[in-house]
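Analysis of the macromolecular model
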Amino acid sequence: MIINIDSISNVGLVRKNNEDFIFDGARFIRDDKHNYSLSVEIDKTKIMFAVADGMGGHNAGELASEILLTELNGSLSNIFRDSNILSQYELKAFFDTEIKRIHNMLIQEGINDPNKYGMGSTFIGFIIYMGNFYSVNAGDSRLYRMRDGYLKQLSKDHSYSSMFGNERGSSHLIYNAVGGGDRVFIDFTNLTSKIGAGDIILLCSDGLTDMLEDDTIEEILNDDGTTFDLVNSALQRGGVDNISVIKLEILE
């Protein structure tokens, strides 16, 4: 199987700092772009792709997203190197434990330094593990699948409006994140039956989806648009937030 990976993280037009941080399976990215291709035996592959969208004043959001991904990737790398194969239950337990550990780490950072109080980050991850596809989500960064010209969101936003209805507040008010609150939870979902050759997987921060409707993203992808094209369209519509996108094209 061939996987084409196209990634970008852009500060946008309004924010001074880029609080997004992404890992595209090969490198961490902020204020940069990267693309490459992988030829893999899917039944033997272990890899993670992830987008983190930080929040907090005094650059704390920038630090939160970086801590989240570097910590998680470090511990996950140990799992990937281990010859023992984890079951779905064991892999979910790993992410549960690690996300809570990093959540507590960010909370402690805020206690130690008042400038970092409330620091936190959303997280959306796509994991290929020994022939299976999984998503891991905390917050409102998103995972989409593009199939036969149609875009579908496969993740669920952990915002007040999404979880409790619009009457409970703005779609921008986050109900769940790593750090920035008393507790955290994850959606861990087996997507194996929903993903196959010919699909495109898109991971993104809300800096993209707040600027572009799903129909617009779908139209750009149907025109063979790149992540740069998606970011450029978001910038043309105001670019009020940081914008990060990973596009995975899964081929035979």
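Attention in this report is confined to the structure presented alongside it. (Residues numbered from 1 in each chain as written. Predicted model: local features only at pLDDT ≥ 70, side-chain atom pairs only at ≥ 80, totals over all residues. Heavy atoms only, no water.)

1. Comments concerning the environment of Glu 98
Our working rule: Only DSSP runs of H or I covering at least 4 residues are called helices, and only runs of E covering at least 2 are called strands; the numbering of each starts at the N terminus. Pairs of residues are marked as contacts when any of their non-hydrogen atoms sit within 4.5 Å. Side-chain atoms alone can form a polar contact between residues adjacent in sequence; in general such a contact is a pair of N or O atoms within 3.5 Å, and within protein one must be able to donate a hydrogen while the other accepts it.
Looking at the element boundaries, Glu 98 is found in helix α2 (residues 88-112). With 74 residues separating them along the chain, Glu 98 and Asp 24 place their C-alpha atoms 19 Å apart. Here Glu 98 is in contact with Glu 71, Leu 72 and Ser 75, once residues within four sequence places are set aside. A polar contact is formed between the side chain of Glu 98 and the side chain of Arg 101, at a distance of 2.8 Å.

2. Description of a nonpolar patch on the surface
Rule in force here: Patch definition: residues above 30% relative accessible area lacking any salt bridge, with like charges linked at up to 9 Å and the nonpolar side chains Val, Leu, Ile, Met, Phe, Trp and Tyr linked at up to 5 Å. All accessible-area figures derive from a Shrake-Rupley calculation using a 1.4 Å probe, and residue coverage is judged against the displayed protein chains alone. In what follows, salt bridge is the name for a side-chain nitrogen of Lys or Arg lying within 4 Å of a carboxyl oxygen of Asp or Glu. Between buried and exposed lies partly exposed: a residue is buried under 20% and exposed over 50% of the maximum accessible area for its type, with that area taken using a 1.4 Å probe on protein chains only.
Residues Leu 13, Val 14 and Val 240 make up a contiguous nonpolar surface patch of roughly 280 Å² in combined accessible area. Examined against the element boundaries, Val 14 turns out to sit in the loop between β1 (2-10) and β2 (20-23). Judged by its relative accessible area of 53%, Val 14 falls in the exposed class.

3. A short note on the packing of helix α1 (residues 60-81) against α2
Selection criterion: Axis lines are fitted through C-alpha atoms, for helices just across the contact stretch, and the angle between N-to-C directions can take any value from 0 to 180 degrees. For any pair of crossing helices, the crossing counts as left-handed if the nearer helix is rotated counterclockwise from the farther one by less than a right angle, and right-handed if it is rotated clockwise. Each residue is assigned to one class: nonpolar for Ala, Val, Leu, Ile, Met, Phe, Trp, Tyr, Cys and Pro, charged for Asp, Glu, Lys and Arg, and polar for all the others, Gly among them.
For the pair α1 and α2, the least separation of the axes is 10 Å and the interaxial angle reads 145°. In this structure, α1 crosses over α2, and the sense of that crossing is right-handed. Along the contact surface, α1 presents Ala 64, Ile 67, Leu 68, Glu 71, Leu 72, Ser 75, Leu 76 and Ile 79, while α2 presents Phe 94, Phe 95, Glu 98, Ile 99, Arg 101, Ile 102, Met 105, Leu 106 and Glu 109. For the contact of α1 with α2, a count of residues per class yields twelve nonpolar, one polar and four charged.

4. A word on the sheet that holds strand β4 (residues 32-39)
The cut-off we apply is this: One requirement defines pairing of two strands: DSSP has to find at least two bridges between them.
Spatial strand order, β4-β1-β13-β12-β8-β9: six strands in an open sheet with antiparallel pairing. In the strand order of this sheet, the two ends are held by β4 and β9 (150-153), each with one partner. Averaged over neighbouring strand pairs, the angle between their axes works out to 15° when direction is ignored. Relative to strand β13 (residues 243-251), β1 runs antiparallel, the two being bridged by nine bridges. If you follow Ser 9 over to β13, its bridge partner there is Ser 244.

5. Quick notes on the pattern of salt bridges
Applying the stated criterion across every chain yields a total of twelve salt bridges. Taking the shortest distance from any N to any O, the salt bridge between Lys 44 and Glu 41 comes out at 3.5 Å. Given the relative accessible area of 59%, Lys 44 is considered exposed. Here Glu 41 falls in the exposed class, since its relative accessible area comes to 53%.

6. A few points about unusual backbone geometry
Notably, Asp 148 is not glycine yet its phi reads approximately 50°, a positive angle. Within the secondary structure, Asp 148 is located in the loop between β8 (142-147) and β9. In this structure, Asp 224 takes a positive phi of about 60° despite not being glycine. You can see Asp 224 is positioned in the loop between α5 (214-222) and α6 (227-236). Take Asp 224: its relative accessible area is 67%, and that puts it in the exposed class.

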